[in-house]
Amino acid sequence: MYFEKSNLGKNQFWRYFFSILIIIAFTQLLGAFPMSAAVFLAKSGGNVAPDASIYNPASLGIDLNVFLVLMILPFAMGLLGLWVCADSLHKKKIIDIITGRNKVDWKRVFFAALIWGILGLISSFASYLKNPDAFEFQFQPTKFIILLFVAFLLIPIQSTFEEVFFRGYLMQGTSLLFKNKWIPLLITSILFGVMHLANPEIKEFGIGIMLPQYILLGLFFGIMVIMDDGLELAIGVHAINNIFGAIFITHKSSVLQTPAIFKTTAINPSFEFLILGFAVLIFLVIVSRKYNWGNWKSIFTKINFAEQKE
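Draft legend 1. Expanded view of the environment of isoleucine 235. With respect to the helices and strands, the residue isoleucine 235 is situated in helix α11 (residues 232-247). In this view, isoleucine 235 contacts Val109, Ser159, Thr160 and Glu163; residues no more than four positions away in its chain are not counted.

Next up, the structure:
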């Protein structure tokens, strides 16, 4: 069982404390250095506007596909840092942080990606019908082919890191403290939302409408982990959600600025929140029936750990 695996290895508080510091160092120092260097070189060249920023790579003269690679590097380094900490400090196998099964169930990953991708297409079509004039076709064949390669190869690394860190490492760790599932679910979902406060969407549309969307997604991913005994469904949904946003529709406030097929000039965050809620419910119904999720009350049951290893 997934949460029972929390007790494997060494789990003293100091190990979590130093692991989190190390993971932050891997992401914000090692991983973010290439982006910082690129921005510094662009600004030092003197050919950019004074207000140029990483949220507008065109203003820095950075190719959008190169920018996407630089954006994902911190997550790749974070995943490496998490593996190093799990192996060296916690003496855990990374597979035990990912799934309650003996190996990753890739069929679950791809099924989740397929269903959420279909729901994403339907949701986008609904947004188009509501305001077709807001969509601008901007297809650039060469850049788009490169984008496809980068998106499908690298974005899953970004989404996998976030899932393994939040719904894996932190959710398992807090379950040891509270010995249940619902408090870790709430804590990690709120932290997941707070992590996105620096996103440009927050500045564009306001924290009041955007933060609940991020927390809802965190709850959605966490519920899947609890009910399905692993991260596979959450990784599949998270990956295709971000890939879809990168290759199909972008917006000036999107954190991933890419040469997507369409660019929308207007977003109604309240309508998008409503669409997201419907998509979450439909997805949960589909996967709960496919994978025979039984007792939903298990979210609130106490975890009975074996004696903790030192």
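Draft legend 2. Just the nonpolar core, in detail. Counting 72 residues, the largest nonpolar core has Trp116, Phe220, Met224 and Phe283 as the members making the most contacts within it. When near neighbours in sequence (up to four residues on either side) are disregarded, phenylalanine 283 contacts Ala112, Ile115, Trp116, Leu119, Phe220, Met224 and Val237.

Draft legend 3. Structural context of the packing of helix α6 (residues 106-130) against α11. α11 packs onto α6 with a crossing angle of 40 degrees between their chain directions and a minimal axis gap of 7 Å. One finds that α6 runs oblique with respect to α11. By crossing handedness, the relation of α6 to α11 is classed as right-handed. Two secondary-structure elements touch here, α6 through Arg108, Val109, Ala112, Ala113, Trp116, Gly117, Gly120, Leu121 and Ser124 and α11 through Glu232, Leu233, Ile235, Gly236, Val237, Ile240, Asn241 and Phe244. Per-class residue counts for the contact of α6 with α11 are 10 nonpolar, 5 polar and 2 charged.

Draft legend 4. Focus on helix α2 (residues 33-44). An ideal rise of 1.5 Å per residue puts 16 Å on 12 residues; α2 measures up with 16 Å between its terminal C-alpha atoms. Those residues of α2 that are buried are in contact with α3 (57-60) and α4 (64-88).

Draft legend 5. Layout of a nonpolar patch on the surface. Together, Trp182, Leu186, Ile190, Val194, Leu197, Ile207 and Phe300 line one region of the surface with nonpolar side chains, adding up to about 630 Å² of accessible area. The dominant element in the nonpolar patch, judged by the number of residues it contributes, is helix α8 (residues 182-195), at 4 residues. Within the secondary structure, leucine 197 sits in the loop between α8 and α9 (200-205). The class for leucine 197 is partly exposed, based on a relative accessible area of 33%.

Draft legend 6. Layout of the side chain of asparagine 180. Mapped onto the fold, asparagine 180 is located in the loop between α7 (141-178) and α8. Overall, asparagine 180 belongs to the buried group, its relative accessible area being 11%. At a separation of 3.2 Å, a polar atom in the side chain of asparagine 180 contacts the main-chain amide nitrogen of isoleucine 183. Those residues in contact with asparagine 180, other than ones at most four positions away along the chain, are Ser175, Thr301 and Ile303.

Draft legend 7. Quick peek at the packing of aromatic side chains. For the coordinates displayed, the defined rule picks out 24 aromatic pairs. Ring centres of tyrosine 16 and tyrosine 169 lie 5.0 Å apart, and the angle between their planes is 35 degrees; this geometry places the pair in the tilted category. Here the residue tyrosine 16 occupies a position in helix α1 (residues 13-31), and tyrosine 169 occupies one in helix α7, the gap between them amounting to 153 residues. When sorted by exposure, tyrosine 16 lands in the same class as tyrosine 169, which is buried. A ring pair is formed by tryptophan 116 and phenylalanine 283, whose centres lie 5.8 Å apart and whose planes are at 85 degrees; its orientation type is edge-to-face. Of the two residues, tryptophan 116 sits in helix α6 while phenylalanine 283 sits in helix α12 (residues 269-290), which places them 167 residues apart along the sequence. We note that tryptophan 116, like phenylalanine 283, is buried. A cation over a ring is seen here: arginine 108 above tyrosine 291, with NZ or CZ 4.1 Å from the ring centre.

Draft legend 8. Structural detail: the sheet that holds strand β3 (residues 262-264). Pairing is mixed in the open sheet, where 3 strands are placed in the order β1-β3-β2. Both outer strands of the open sheet, β1 (135-137) and β2 (249-250), are each paired with one neighbouring strand and no more. As judged from the 2 bridges shared by β2 and β3, these two strands associate in the parallel manner. Note on β3: the bridge partner recorded for isoleucine 249 is phenylalanine 262.

Draft legend 9. A look at the pattern of salt bridges. This model, assessed by the stated rule, comprises 7 salt bridges. Its salt-bridge partner being aspartate 96, residue lysine 5 comes within 3.0 Å of it at the nearest N-O pair. Remark: aspartate 96 occurs in helix α5 (residues 94-98) and lysine 5 occurs in the segment before α1; sequence separation between them is 91 residues. Across the pair, aspartate 96 and lysine 5 agree in class, each one buried. Here glutamate 232 ties to arginine 101 by a salt bridge, and the two come within 2.9 Å at their closest N and O atoms. Highlighted residues: glutamate 232 in helix α11 and arginine 101 in the loop between α5 and α6, separated in sequence by 131 residues. Through salt bridges that share partners, Arg101, Asp105, Arg108, Asp228 and Glu232 make up one connected network.

About the criteria used
Residues numbered from 1 in each chain as written. Predicted model: local features only at pLDDT ≥ 70, side-chain atom pairs only at ≥ 80, totals over all residues. Heavy atoms only, no water. Helix = DSSP H or I, 4+ residues; strand = E, 2+ residues; numbered from the N terminus. Contact = heavy atoms within 4.5 Å. Core = buried A, V, L, I, M, F, W, Y, C linked by side-chain atoms within 4.5 Å. Buried < 20%, exposed > 50% of the residue type's maximum accessible area, 1.4 Å probe, protein only. Axes fitted to C-alpha atoms, helices over the stretch in contact; angles between N-to-C directions. Parallel < 35°, antiparallel > 145°, perpendicular 65-115°, else oblique. Left-handed = near helix turned anticlockwise from the far one by under 90°. Nonpolar A, V, L, I, M, F, W, Y, C, P; charged D, E, K, R; others polar. Expected span 1.5 Å × (residues − 1). Patch = residues over 30% accessible without salt bridge, like charges linked within 9 Å, V, L, I, M, F, W, Y side chains within 5 Å. Areas by Shrake-Rupley, 256 points an atom, 1.4 Å probe, with all protein chains shown as cover. Salt bridge = Lys/Arg side-chain N within 4 Å of Asp/Glu carboxyl O. Polar contact = N/O pair within 3.5 Å; in protein donor to acceptor, adjacent residues only side chain to side chain. Phe/Tyr/Trp six-rings, centres within 6.5 Å; stacked < 30°, edge-to-face > 60°. Lys NZ or Arg CZ within 6 Å of the ring centre and 35° of its normal. Pairing = 2+ DSSP bridges.

Everything listed here is a matter of coordinates, which is why it stays silent on function.
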